[in-house]
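# Fold and contact review
Residues per chain, in single letters:
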Amino acid sequence: MASVDQHAELGTFLRARRQQLVRADFELPPVGRNRTIGLRREEIAYRASLSVTWYTWLEQGRPVNPSRQVLDALAMTMRLSAAEHDYLLSLAGYAPAAPAGSTPTDAPASLRRLLDALLPSPAFAVSTDWTIAAWNAAYEALYPPVATAAPEDRNLLLAIFTDPSVRDLLPDWDVTSRHFLAEYRADAGPLLGQPEHVALVTRLLATSPDFAAAWAAHEVERFASRERRFTHPTAGELVFEHHRLIPSDQPELHVVVYLADGDPPTRDKMGSLVPYDRF
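Now for a look at the structure at hand. (Residues numbered from 1 in each chain as written. Predicted model: local features only at pLDDT ≥ 70, side-chain atom pairs only at ≥ 80, totals over all residues. Heavy atoms only, no water.)

## A few points about the overall build of the chain
Of the regular secondary structure elements, the chain holds 14 helices and 5 strands. A principal-axis box enclosing the C-alpha atoms of the chain has dimensions of 65 × 45 × 35 Å. Residues counted as buried form 46% of the 279 residues belonging to the chain. Counting every atom, the chain has about 13,600 Å² of accessible surface; 55% of that belongs to carbon and sulfur. Charged side chains in the chain number 27 positive and 35 negative. The centres of these two groups are separated by 8 Å. (Helix = DSSP H or I, 4+ residues; strand = E, 2+ residues; numbered from the N terminus. Buried < 20%, exposed > 50% of the residue type's maximum accessible area, 1.4 Å probe, protein only. Areas by Shrake-Rupley, 256 points an atom, 1.4 Å probe, with all protein chains shown as cover. Lys, Arg positive; Asp, Glu negative; His and termini not counted. Charge placed at Lys NZ, Arg CZ, Asp CG, Glu CD.)

## Observations regarding the pairing of strand 3 (residues 226-232)
Alignment of strand 3 against strand 4 (residues 236-245), held across 7 bridges, turns out to be antiparallel. Opposite Glu-227, over in strand 4, you have Glu-241 as the bridge partner. Counted between consecutive antiparallel strands, the loop separating strand 3 from strand 4 contains 3 residues. (Pairing = 2+ DSSP bridges.)

## Quick notes on the pattern of salt bridges
A side chain of one charge can pair with a side chain of the opposite charge when the charged atoms of the two come close. Tallying each qualifying case throughout the model produces 15 salt bridges. Residue Arg-203 is joined to Asp-153 by a salt bridge in which the shortest nitrogen-to-oxygen separation is 2.6 Å. Note that Arg-203 is positioned in helix 12 (residues 195-207) and Asp-153 in the loop between helix 8 (145-148) and helix 9 (156-162), a separation of 50 residues in sequence. Here Arg-229 and Glu-227 are joined by a salt bridge, their closest N and O atoms 3.1 Å apart. By sharing partners, the salt bridges in this structure join Arg-18, Arg-41 and Glu-59 into a single network. (Salt bridge = Lys/Arg side-chain N within 4 Å of Asp/Glu carboxyl O.)

## Here's the deal with the environment of Arg-15
Topologically, Arg-15 is positioned in helix 1 (residues 4-20). Overall, Arg-15 belongs to the partly exposed group, its relative accessible area being 28%. Separated by 236 residues in sequence, Arg-15 and Pro-251 have C-alpha atoms that sit 32 Å apart. From its side chain, Arg-15 meets the backbone oxygen of Glu-59 in a polar contact 3.1 Å long. (Polar contact = N/O pair within 3.5 Å; in protein donor to acceptor, adjacent residues only side chain to side chain.)

## As for empty space enclosed by the protein
Throughout the structure, instances matching the rule amount to 4 cavities of 30 Å³ or more. Those elements giving two or more residues to the lining of the largest cavity turn out to be helix 7 (137-142), helix 9, helix 10 (164-169) and strand 3. Among the elements that take part in the lining of the largest cavity, helix 9 stands out by supplying 3 residues, more than any other. Its residues assigned to classes, the lining of the largest cavity shows 12 nonpolar, no polar and 1 charged. (1 Å grid on protein atoms, 1.4 Å probe; cavity = no way out; pocket = protein on both sides within 12 Å on 5 of 7 lines; lining within 4 Å. Points joined across faces, edges and corners; volume = space filled by probe spheres on them. Nonpolar A, V, L, I, M, F, W, Y, C, P; charged D, E, K, R; others polar.)

## With respect to the sheet that holds strand 1 (residues 123-126)
Either a parallel or an antiparallel arrangement is found when strands of a sheet pair, and the pairing is made through backbone hydrogen bonds. Spatially, 2-1-5-4-3 is the arrangement adopted by the 5 strands of the open sheet, whose pairing is antiparallel. Each having just a single partner strand, strand 2 (132-135) and strand 3 make up the two edges of the open sheet. Across the sheet, the axes of successive neighbouring strands diverge by a mean angle of 30°, strand direction being ignored. Against the sheet, helix 11 (residues 173-188) makes contact with strand 3, strand 4 and strand 5 (254-259), and its axis sits at roughly 130° relative to strand 3, the strand it touches most. (Axes fitted to C-alpha atoms, helices over the stretch in contact; angles between N-to-C directions. Contact = heavy atoms within 4.5 Å.)

## Digging into the environment of Thr-202
Of note, Thr-202 is situated in helix 12. Residue class for Thr-202 comes out partly exposed when judged on its relative accessible area of 48%.

## So, helix 11
Relative to the 22 Å expected for 16 residues at 1.5 Å per residue, helix 11 spans 22 Å between its end C-alpha atoms, a close match to the ideal helical length. Every buried residue of helix 11 is accounted for by Trp-173, Thr-176, Ser-177, Phe-180, Leu-181, Ala-182, Glu-183, Tyr-184, Arg-185 and Ala-188. (Expected span 1.5 Å × (residues − 1).)

Right under this line is the structure:
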């Protein structure tokens, strides 16, 4: 069953998505003063074969427990993406349970050796709340503050939204920051009631207006490998392939790799920043 926080988030998520729907896509006329965006609650309820009262309770975050069939119907009605559908299910308790135990803040030696073996590509490991648990020398060369940050501040989302140097490092910060947050939200659906998640989101809402605005948008995305560009203060432009791996014996840690092999100039620059043994 969903926790109190998850009920509230489920309601807020449904409301945000309903208010973003284009009426013409559902063959509905504008309402009011030519308002073309957003469906009424009763319009969603009718299309999902629900009572208006029941759907209203869901949006209000009341402690009701919708069936999977109800959530599937809402996802279809609202034309949610696969990631958004999974997120909606997770909020109602239909996603796999979060890993048991506390969020790891360190990585085992074997995982650290894996990160070092990926040189000259920057690589690091994050825990379920995106605490950076380990990193290699290339990632430290790319983002030096990771080595000096206090353990409680060594978090990927905190860095993205509160460290000015990250904005200088990312020429597409506006886009990249929202990608990261949408991916984090997809990962964090089952974790909403856990202390680490609550503390992180509360802290960011209080310190970053950009985070608050992006969080309110309720964007959800699955991770997808993609090109990443950085503007390094000494090496200049760096181009990587962004990948994420989950070790089978450490599923609570995700390995993030910025692969340098796809761009020879970047590989050469990283080799100069971090001398390494190729063999």
